[in-house]
Amino acid sequence: MDPLKALADAERTPYWLDQPGAPEPSPRLTNDTTADLAVVGGGFSGLWTALMAKERDPSQDVVLLEGKSVGWAASGRNGGFCAASITHGLSNGMARWPDELPTLERLGRENLDEIEASVERYGIRCSFERTGEMNVATEEWQLDGLREAERAARELGSDQLYLDRDQVRAEVDSPTYLGALWQRDSVAMVDPARLAWGLRDACLRMGVRIYENTPARSISDEGDRLEIATPHGAVRARRVALGTGVFPPLLRRLRHFLVPVYDYVLMTEPLPDDKLARIGWRNRQGIGDSANQFHYYRLTDDNRILWGGYDAVYHNGGLIKAGYDQRDETFEKLARHFFDTFPQLEGVRFTHRWGGVIDTCSRFAAFYGTAYGSRLAYAAGYTGLGVGATRFGANVMLDLLGGEETERTRLRMVRTKPVPFPPEPARSGVIQLTRWSIARADAHEGRRNLWLRTLDALGLGFDS
Ligand SMILES: Cc1cc2nc3c(=O)[nH]c(=O)nc-3n(C[C@H](O)[C@H](O)[C@H](O)COP(=O)(O)OP(=O)(O)OC[C@H]3O[C@@H](n4cnc5c(N)ncnc54)[C@H](O)[C@@H]3O)c2cc1C
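Conventions we followed
- Residues numbered from 1 in each chain as written.
- Predicted model: local features only at pLDDT ≥ 70, side-chain atom pairs only at ≥ 80, totals over all residues.
- Heavy atoms only, no water.
- Helix = DSSP H or I, 4+ residues; strand = E, 2+ residues; numbered from the N terminus.
- Rg over C-alpha atoms; globule rule 2.2 N^0.38 Å.
- Contact = heavy atoms within 4.5 Å.
- Areas by Shrake-Rupley, 256 points an atom, 1.4 Å probe, with all protein chains shown as cover.
- Lys, Arg positive; Asp, Glu negative; His and termini not counted.
- Charge placed at Lys NZ, Arg CZ, Asp CG, Glu CD.
- Phe/Tyr/Trp six-rings, centres within 6.5 Å; stacked < 30°, edge-to-face > 60°.
- Buried < 20%, exposed > 50% of the residue type's maximum accessible area, 1.4 Å probe, protein only.
- 1 Å grid on protein atoms, 1.4 Å probe; cavity = no way out; pocket = protein on both sides within 12 Å on 5 of 7 lines; lining within 4 Å.
- Points joined across faces, edges and corners; volume = space filled by probe spheres on them.
- Nonpolar A, V, L, I, M, F, W, Y, C, P; charged D, E, K, R; others polar.
- Domains from an automatic or database assignment.
- Pairing = 2+ DSSP bridges.
- Axes fitted to C-alpha atoms, helices over the stretch in contact; angles between N-to-C directions.
- Expected span 1.5 Å × (residues − 1).
- Polar contact = N/O pair within 3.5 Å; in protein donor to acceptor, adjacent residues only side chain to side chain.
- Near = heavy atom within 4 Å.
- Salt bridge = Lys/Arg side-chain N within 4 Å of Asp/Glu carboxyl O.
- Core = buried A, V, L, I, M, F, W, Y, C linked by side-chain atoms within 4.5 Å.

(A) How the structure looks around the overall build of the chain. When helices and strands are tallied, the chain shows 14 helices and 18 strands. Here the C-alpha atoms of the chain give a radius of gyration of 21 Å, agreeing with the 23 Å that 2.2 N^0.38 yields for 464 residues. Overall size of the chain, expressed as C-alpha extent along the three principal axes, is 65 × 50 × 45 Å. Partitioning the contacts of the chain with sequence separation of at least 6, the portion at a separation of at least 24 is 76%. By element, 49% of the accessible surface of the chain is carried by carbon and sulfur atoms, the whole surface being about 18700 Å². Counting 57 positive and 64 negative side-chain charges, the chain places the averaged centre of each group 4 Å from the other.

Structural data, given as structure tokens:
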């Protein structure tokens, strides 16, 4: 089908945030106030931090400051793959923290279990479906990687099933599939905006004071308290947690570790049963393909298909702009790839197209730290896999702020930082060379050029 025709009526806004039921924003901060804990950022990172701070000690006075509205950024516009992995996937974890991996995998599974329990406990209607994720191979060279991943997963006791060509096509029928690895229990599909709105509601019910449209401008040390300045008032807090994602950080040192990478998504109209039956997909798992430039896709509760990924775009200079959320070149490419994958869906139309910005760091898994004598903690760098992992990061921030030594804070993953990106203009050069090399590797049976091999040897990378 002509991708332009399929895209012709697609709204230029994130589907999830365009649904009915978005909460009225809480009032902005208009006076000076105090708090035991001030959380900056109303994405998953900040919301989980505020909520779990209250769960740990309900008597604490917790304030959350959000510059726009809760969940408007990455947290409300992502693919909704809520993964157990806190290492940005098994192979990244294996490459970086092999000794810790059994612990990291267990902590990740516990984290996903606890997300499921919280969704249940607070009655969050976010269509949580623990259907797993199927990584499909669409080129012969990708099959070896899947088999290797299956072996490693089996050693770690993870429930993964290798499917050959016929088996995968019996699950979901695409003529492009050659095999797959289905992680059956370690990924859930969620409606991310409804998860963010539900967490906001849970925070309010627990007594967190939320101020939206309240950007934090700066932090200063006022002796016994840290003071966060906002346009119309300040918060003087004993402790501060930063869940500000990729946005210009209040702590300058974080700038060296994060780059904004844009990722793009399409959403189809709901598929009637007869159309969906053409591809099967009865087990409703999330799907990702296995090239370096990969697509991710899944069903929604009303049987639309969300189709995203592939292009990971870094704009030279590292700017974040609302205009970058739209990229027609990428939308057309994604639409073409969609019909290549599912030619049976000829005639299906897209209702939404959007983009969002990802907090990419050079090790792909988040990093953590403290400042101001451990009165401030931060977690960032989730690199496209933060729907579940932000809750783990929130727990790390609370451990660090509480001065507690825990299994989490003892992890090497938590104690170390990623390699910083070089300053501009070298930063843009390095990233664009890496993007070019990745596309080339995909076109040449996964063969990595000298540049990528050098980065691999140094434990550095670029991903979405
Ligand atoms: C298109 C797309 C698809 C993705 N798909 C997936 C997926 O399927 N699975 C997955 O695991 N991950 C996915 N991700 C990544 C995931 O969405 C993020 O890792 C996660 O949402 C990060 O949450 P966060 O709270 O750290 O950041 P954000 O959601 O970006 O929230 C940060 C918040 O902080 C606020 N803020 C920043 N600075 C200030 C300030 N100074 N004062 C006040 N407020 C401030 C911002 O306004 C924002 O609301 C995707 C991301 C994108 C963009």
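(B) How the structure looks around the packing of aromatic side chains. Across all of its chains, the model carries 18 aromatic pairs by this definition. Where Tyr262 meets Tyr324, the ring centres are 5.5 Å apart and the plane angle is 80 degrees; that geometry is what we call edge-to-face. Of this pair, Tyr262 sits in strand 12 (residues 259–268) while Tyr324 sits in the loop between strand 15 (305–309) and helix 9 (328–341); the two residues are 62 residues apart in sequence, bridging distant segments of the chain. In this structure, Tyr262 and Tyr324 share a single accessibility class: buried. Here a set of aromatic residues connected by ring pairs shows up, and it is made of Trp281, Tyr297, Trp307, Phe338, Phe339, Phe342 and Phe350.

(C) Geometry of empty space enclosed by the protein. Taken as a whole, this structure holds one cavity of 30 Å³ or more when the rule is applied. Here the largest cavity defines a volume of roughly 40 Å³. Lining the largest cavity we find Ile86, Thr87, His88, Phe364, Ala365, Ala366, Tyr368, Tyr382, Leu385 and Ala389. Class assignment of the residues belonging to the lining of the largest cavity gives a composition of eight nonpolar, two polar and no charged.

(D) The arrangement of the domain arrangement of the chain in detail. Taken domain by domain, the chain consists of domain 1 (18–78 + 193–251 + 364–415) and domain 2 (426–458). Here domain 1 and domain 2 have C-alpha centroids that lie 35 Å from each other.

(E) The sheet that holds strand 5 (residues 160–163), seen in detail. Taken in spatial order, the eight strands make up an open sheet running 5-6-4-13-14-15-12-16, and their pairing is mixed. The sheet terminates laterally at strand 5 and strand 16 (350–360), the two strands that pair on one side only. Averaged over all pairs of adjacent strands, the angle between strand axes in this sheet comes to 20 degrees, irrespective of strand direction. In terms of strand pairing, strand 4 (residues 133–137) meets strand 13 (residues 286–289) through four bridges, oriented parallel. Paired with Asn135 across the bridge in strand 13 is Gly288. In this fold helix 9 packs onto strand 12, strand 14 (295–299), strand 15 and strand 16, with an angle of close to 50 degrees to the strand it touches most, strand 12.

(F) Region of the structure containing helix 2 (residues 44–56). The end-to-end C-alpha distance of helix 2 is 18 Å, a good match for the 18 Å that 13 residues give at a rise of 1.5 Å each. Burial of helix 2 is extensive: eleven of the 13 residues sit out of reach of the surface. By the burial criterion, the buried members of helix 2 are Phe44, Ser45, Gly46, Leu47, Trp48, Thr49, Ala50, Leu51, Met52, Ala53 and Lys54.

(G) The side chain of Asn135, seen in detail. Tracing the backbone through its elements, the reader meets Asn135 in strand 4. Within the structure, the side chain of Asn135 is placed 3.0 Å from the side chain of Gln183, a separation counted as a polar contact. If we skip the residues at most four places from it in the chain, Asn135 touches Leu146, Gly179, Ala180, Leu181, Gln183, Gly288 and Ser290.

(H) Region of the structure containing the site of the ligand. Residues in contact with the ligand amount to 37 residues; listed here are only the nearest, Glu66, Trp72, Ser75, Phe81 and Ala216. Within the side chain of Trp72, an N or O atom sits 2.8 Å from an oxygen atom of the ligand. One nitrogen or oxygen atom from the main chain of Gly80 is found 3.3 Å from an oxygen atom belonging to the ligand. At the level of elements, helix 2, strand 12 and strand 16 are the ones that each hand at least two residues to the shell around the ligand. The element contributing the most residues to the shell around the ligand is strand 16, with three residues. Here the residues of the shell around the ligand are counted per class, giving 17 nonpolar, 17 polar and three charged.

(I) View of the pattern of salt bridges. Across all of its chains, the model carries 33 salt bridges by this definition. In this structure, Asp173 engages Arg169 in a salt bridge whose closest nitrogen and oxygen atoms are separated by 2.6 Å. Residue Asp173 is classed as partly exposed on the basis of its relative accessible area, which comes to 21%. For Arg169, a relative accessible area of 25% gives the class partly exposed. A salt bridge links Asp399 to Arg408; its shortest N-O distance comes to 2.8 Å. Salt bridges sharing common partners tie together Arg56, Asp399, Glu404 and Arg408.

(J) How the structure looks around the nonpolar core. Judged by nonpolar contacts, the single largest core of 57 residues is most densely connected at Leu37, Trp48, Phe128, Leu195, Leu199, Tyr368 and Phe392. For this core, the leading source of residues is helix 10 (residues 389–401), giving eight residues.

(K) Highlighting the side chain of Asn395. Along the polypeptide, Asn395 turns up in helix 10. Judged by relative accessible area, which is 8%, Asn395 ranks as buried. A polar contact of 2.8 Å, which involves the side chain of Asn395, links it to the side chain of Arg56. Excluding residues that lie within four positions of it along the chain, Asn395 makes contacts with Met52, Arg56 and Arg408.

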